[in-house]
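A closer look at the structure
These are the residues of each chain, in order.
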Amino acid sequence: MRGRRPGRVYSTLHGRTCPRCGWPEAQCRCSTPEPEAVPARLTVHLRIERAGRRGKTVTVVERLPSNPDFLGSLLRELRRACGTGGTVRERSVELQGDHRERLRTILEEKGWVVRG
Ligand SMILES: [Zn+2]
């Protein structure tokens with residue numbers, strides 16, 4: 001008996017499959033690599049950004065691991081602490097407004113090294 005490859009099994013059931021791995025596009029992991037491990041002691045950078053945002057200031061916490069779960073929970077924590085909105089980027093989180101001093105205190109309390 002010959003084994004069937006995933007692409008053949010699923011292509012008729014779910015339509016388009018990924019040409020690289022043969023899995024349905026919804027299950028394809030080619031473009032979403034495994035989340036990066038989160039080290040116990042992170043070194044992060046704080047930066048203020050203004051340009052290109054209609055003059056609005058955002059505080060960016062950069063050089064974080066590329067890990068959506070980690071970034072999402074960090075963003076929730078920081079939004080609550082600063083009482084502001086924010087966004088997750090691939091390796092950073094952005095908080096609306098200038099919250100450098102507040103964020104520095106919070107992140108250093110985690111044992112992280114904060115630069116910038
Ligand atoms: Zn794929």
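Residues numbered from 1 in each chain as written. Predicted model: local features only at pLDDT ≥ 70, side-chain atom pairs only at ≥ 80, totals over all residues. Heavy atoms only, no water.

Let us now look at the coordination of the zinc ion. In the first shell of the zinc ion, the protein supplies Cys 18 (SG), Cys 21 (SG), Cys 28 (SG) and Cys 30 (SG), at 2.3 to 2.4 Å from the metal. Coordination at the zinc ion comes from 4 donor atoms whose angles at the metal span 102 to 120 degrees, giving a geometry best classed as tetrahedral. The sequence motif formed by the donor residues of the zinc ion is C-x2-C-x6-C-x1-C. Classification of Cys 18 by relative accessible area gives buried; the value is 9%. On the accessibility criterion, Cys 21 (31% relative accessible area) is partly exposed. (Donors = N, O, S within 2.8 Å, 3.2 Å for Na, K, Ca; no water. Tetrahedral: all angles 85-135°; square planar, octahedral: opposite > 155°, others 65-115°. Buried < 20%, exposed > 50% of the residue type's maximum accessible area, 1.4 Å probe, protein only.)

By secondary structure assignment, the location of His 99 is in the loop between β4 (93–96) and α3 (100–109). Residue classification places His 99 among the buried positions, given a relative accessible area of 18%. Residue contacts for His 99: discarding those within four places in its chain leaves Thr 59, Cys 82 and Thr 84. (Helix = DSSP H or I, 4+ residues; strand = E, 2+ residues; numbered from the N terminus. Contact = heavy atoms within 4.5 Å.)

Moving on to the packing of aromatic side chains. Two descriptors summarise a pair of aromatic rings, namely the distance from one centre to the other and the angle between the planes of the rings. Considering all chains together, one arrives at 1 aromatic pair under this definition. Judged by centre distance (6.1 Å) and plane angle (40 degrees), the rings of Phe 70 and Trp 112 are tilted. With Phe 70 in helix α2 (residues 68–82) and Trp 112 in the loop between α3 and β5 (113–115), the pair connects residues that are 42 residues apart, well separated along the chain. Trp 112 carries the same exposure label as Phe 70, and that label is buried. Seen from the ring of Trp 112, Lys 110 lies directly overhead, with NZ or CZ sitting 5.4 Å from the centre. (Phe/Tyr/Trp six-rings, centres within 6.5 Å; stacked < 30°, edge-to-face > 60°. Lys NZ or Arg CZ within 6 Å of the ring centre and 35° of its normal.)

Function cannot be read off these values alone, since they describe shape.
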